[in-house]
Amino acid sequence: MMVSNLHAAIARQPRLPRFLCHLYQRLRLQRLNLVTGAGISIDAKVPGWQDLLKRLAEIQGGLPDDLAAHVAAGLQPEYLGQIIYHRFRGACPVTEPAELRSATVEYEWGDAIHKAIYEKVPQTIAVIQTHPYLAQLRDLSRKVSLVINFNFDDLLADAIGEQVKQSAFGSESGNALSVTWQPPLTDRGNLTTVYHVNGILPRASLKKRSPQLIFTEDSFADARARSPGVSSEYLFLRFVQNTMLLIGHSLADSSLKNYLRLNRDKSPANHHYMIYWIKEEGALSEARRQDIFEANLELYNLVTIFLTSAEIGDFLEILNLDERGFSETVETLGEDRRSRYHYYIVGPVASGKSTLLEHLRCFHTHEEWTRPPPREMYMASSKIGEEQQAIIDQFIYSELKEKNRRMHAATAGLHFMDRAPLDLYAFSKSDDENKIKSHALRDLVTRDQPLQKGEIIFIEADSKTLVKRNMARGRPPEEAGKQPYFDAQTMTLKTIYNPSFVLSTDENSPGDIARKVARHVLFEEYEPTELNTIIARYE
């Protein structure tokens, strides 16, 4: 796998390999969707907005000069489209019967746009051969369930269709294809749906086109008036539940920005990615890149990746690799030189660990327990005898071994586990009890493989808050612990792990905590703790 084009990109953004790991993880979990825009088609000689308007204006005499004046006056493209359409409609001849006039105007308007879009576009096979990354995008598209396409042209769908024709349904080369301008109600297995949100004009003249193209100010207003509707709700859920990779976008579309902002507010830890095209190295200064990166991050929870056309090709090609090929490739890149990142969420009882884990479903998460605990786990400590303690111990050590096995088996990506394996020391009443636990860990948990090291995400709260939270859960202080108990537990856990990343759930909302954790693991240094050396301290 050649990744020479990415070395300069990684020098610009050292966390690029980590972004790749997150995207690949979401892809393997069937939680990655693509959002494609005009930038993809421009490389195939499809005109951008302004050039498309100029081509359409040439249909009417005198309109090009008027259009130039309107552009100079600062009118928006949708408004300019409305002006061109108004002139076009007025110039259409009277039809017989008169009832067909509206349909005739719309048909000929669609034909005019079709001609303006495709007049300089080569045949699909030639486009695939010359486009800097269409082939890689086609292959990646066949691995996801949904591609949200903001373009009228069907170049991407056509490229996928050409490949589908050469392979059996559901073959290893990827999914089958469905193209629509209406939101699909359900996902279907082994199928990629290309959803053209603004309508579609297929290149083949006899292929079905959408009844409406969202091109003019009037059509944009109609589309906004229909929201919230099926399409709006469908896309909103997609943006909240999945990770989006935006390619070929400039964030000019107001509806797209709205979905990104809704996701930022409803799912604070969920970050989407946008490939920001740059013509060449040095096209944007470091200061300008940082301005764009920070603005997109704060406004939209959007991670901006700055790539040239050749770099986009390599970037997508890496995402198309199988698991072994991906890990072997990414582990040669950047400062981290790793494909797996492990995190343990640690904190006293009721500090907010499970709540945080629930917010982090945009990564791979592991629950506190892999199976339901025995009823003895919920007994007050004063009522637990030797027999009950034996049942509890057997369950805990079995769980620690299984959770450790799962962390070792984790594939490429970022992995979070509720509670770290050495939390049990924080519940000991004596040094002798710690020695017994250390022996059990060595004998029952780490005999076959050591504890998987990982970074500690420490969550804490004031002891008064912890008492209140336990009482709200039906656990009175007499059974669940009073303030001194939680103060001691917090201090002991910090002594065990010596965490460098600590957050207070008193001072932050659950959403703010989740967003801070997500940005920490995506952008900051990875500092795993060697858990096996800690056991030695308590032996």
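Residues numbered from 1 in each chain as written. Predicted model: local features only at pLDDT ≥ 70, side-chain atom pairs only at ≥ 80, totals over all residues. Heavy atoms only, no water.

**Q** Honestly, the pattern of salt bridges in this entry has me stumped. Any pointers?
**A** Opposite charge on two side chains lets them pair, provided their charged atoms get close. Taken as a whole and judged by the stated rule, the model has 29 salt bridges. The salt bridge partner of Lys207 is Asp158, with a shortest N-O separation of 3.9 Å. Linking Lys207 in the loop between β4 (191-196) and α11 (217-225) with Asp158 in helix α10 (residues 155-165), this pair joins segments that are 49 residues apart in sequence. Residue Asp158 is classed as buried on the basis of its relative accessible area of 16%. The closest approach of N and O atoms between Glu367 and Arg361, which form a salt bridge, is 2.8 Å. Via salt bridges that share partners, Arg12, Glu281 and Glu311 belong to a single interconnected network. (Salt bridge = Lys/Arg side-chain N within 4 Å of Asp/Glu carboxyl O. Helix = DSSP H or I, 4+ residues; strand = E, 2+ residues; numbered from the N terminus. Buried < 20%, exposed > 50% of the residue type's maximum accessible area, 1.4 Å probe, protein only.)

**Q** Just to check I follow, could you spell out the side chain of His131 for this structure?
**A** Within the secondary structure layout, His131 lies in the loop between α8 (124-130) and α9 (134-141). Beyond its immediate chain neighbours, meaning those up to four positions away, His131 contacts Ile40, Asp43 and Ala44. (Contact = heavy atoms within 4.5 Å.)

**Q** Sorry, what's going on with the nonpolar core here?
**A** In a soluble, globular protein the nonpolar side chains are often hidden away together inside. With 98 residues, the main nonpolar core has Leu245, Phe315, Phe326 and Val517 as its most contacted residues. Met417, Ala420, Leu493 and Leu531 belong to the second-largest nonpolar core, a separate cluster that totals 24 residues. (Core = buried A, V, L, I, M, F, W, Y, C linked by side-chain atoms within 4.5 Å.)

**Q** I tried to follow the environment of Ala72 on my own but got confused; where do I start?
**A** Within the fold, Ala72 resides in helix α5 (residues 63-72). In the structure, Ala72 is positioned 353 residues away from Tyr425 in sequence and 71 Å away in space, judged by C-alpha atoms.

**Q** Can you walk me through the sheet that holds strand β7 (residues 302-307) in this structure?
**A** Whenever strands of a sheet pair, they do so through backbone hydrogen bonds, lying parallel or antiparallel. With parallel pairing, seven strands are arranged side by side in an open sheet as β3-β4-β2-β1-β5-β6-β7. Among the strands making up the open sheet, the edge pair consists of β3 (176-180) and β7. Neighbour-to-neighbour, the strand axes of the sheet open up by a mean angle of 20 degrees, direction not taken into account. Looking at chain direction, strand β5 (residues 243-247) and strand β6 (residues 272-277) are connected through three bridges and run parallel. (Pairing = 2+ DSSP bridges. Axes fitted to C-alpha atoms, helices over the stretch in contact; angles between N-to-C directions.)

**Q** Sorry, what's going on with the sheet that holds strand β12 (residues 501-504) here?
**A** Across the sheet, five strands lie side by side as β9-β10-β8-β11-β12; this open sheet has parallel pairing. Each edge of the open sheet carries a strand with a single partner, namely β9 (364-366) and β12. Taking each pair of neighbouring strands and ignoring which way they run, the sheet shows an average axis angle of 20 degrees.

**Q** Help me understand the packing of aromatic side chains, please; the structure alone is not making it clear to me.
**A** How two aromatic rings sit relative to each other is set out by the distance from centre to centre and by the angle between their planes. Scanning the entire structure with this criterion turns up 16 aromatic pairs. Centre to centre, the rings of Tyr485 and Phe486 are 5.2 Å apart; their planes meet at 75 degrees, and the pair counts as edge-to-face. Within the aromatic cluster, the residues linked to one another by ring pairs are Tyr341, Tyr343, Phe363, Phe416 and Tyr526. Sitting over the ring of Tyr341, Arg338 keeps its end group 5.9 Å from the ring centre. (Phe/Tyr/Trp six-rings, centres within 6.5 Å; stacked < 30°, edge-to-face > 60°. Lys NZ or Arg CZ within 6 Å of the ring centre and 35° of its normal.)

**Q** I keep staring at unusual backbone geometry and nothing clicks. Help me out?
**A** Generally, phi is negative for residues other than glycine and the peptide bonds are trans, each holding for most cases. The backbone of Leu251 shows a phi angle near 65 degrees, a positive value even though the residue is not glycine. Mapped onto the elements, Leu251 comes out in the loop between β5 and α13 (254-266). Relative accessible area serves as the criterion here: at 11%, Leu251 is assigned to the buried category. Phi at Asn498 is positive, roughly 50 degrees, even though this residue is not glycine. Along the chain, the position of Asn498 falls in the loop between α22 (483-497) and β12.

**Q** I'm lost on a negative patch on the surface in this one. Help?
**A** Where like charges cluster on the molecular surface, the negative patch consists of Asp462, Asp487, Asp506 and Glu507. If you trace the backbone, Glu507 turns up in the loop between β12 and α23 (510-523). (Patch = residues over 30% accessible without salt bridge, like charges linked within 9 Å, V, L, I, M, F, W, Y side chains within 5 Å. Areas by Shrake-Rupley, 256 points an atom, 1.4 Å probe, with all protein chains shown as cover. Lys, Arg positive; Asp, Glu negative; His and termini not counted. Charge placed at Lys NZ, Arg CZ, Asp CG, Glu CD.)

**Q** Can you walk me through the pairing of strand β10 (residues 413-418) in this structure?
**A** Side chains on a regular strand alternate between the two faces of the sheet. Taken across its six residues, β10 has six buried, putting it largely inside the fold. Across six bridges, the pairing between strand β8 (residues 340-346) and β10 is parallel. Residue Tyr343 lies in a different strand from β10, and its bridge partner there is Phe416. Relative to β10, β9 runs parallel, the two sharing three bridges. Residue Thr365 lies in a different strand from β10, and its bridge partner there is Phe416. In this fold, β9 hands off to helix α18 (residues 386-409), which returns the chain to β10; that crossover is right-handed. (Right-handed = clockwise from strand over helix to strand, strands pointing away.)

**Q** Is there a simple way to think about the environment of His408 in this case?
**A** Tracing the backbone shows His408 in helix α18. With 81 residues separating them in the primary sequence, His408 and Ser327 have C-alpha atoms 15 Å apart.

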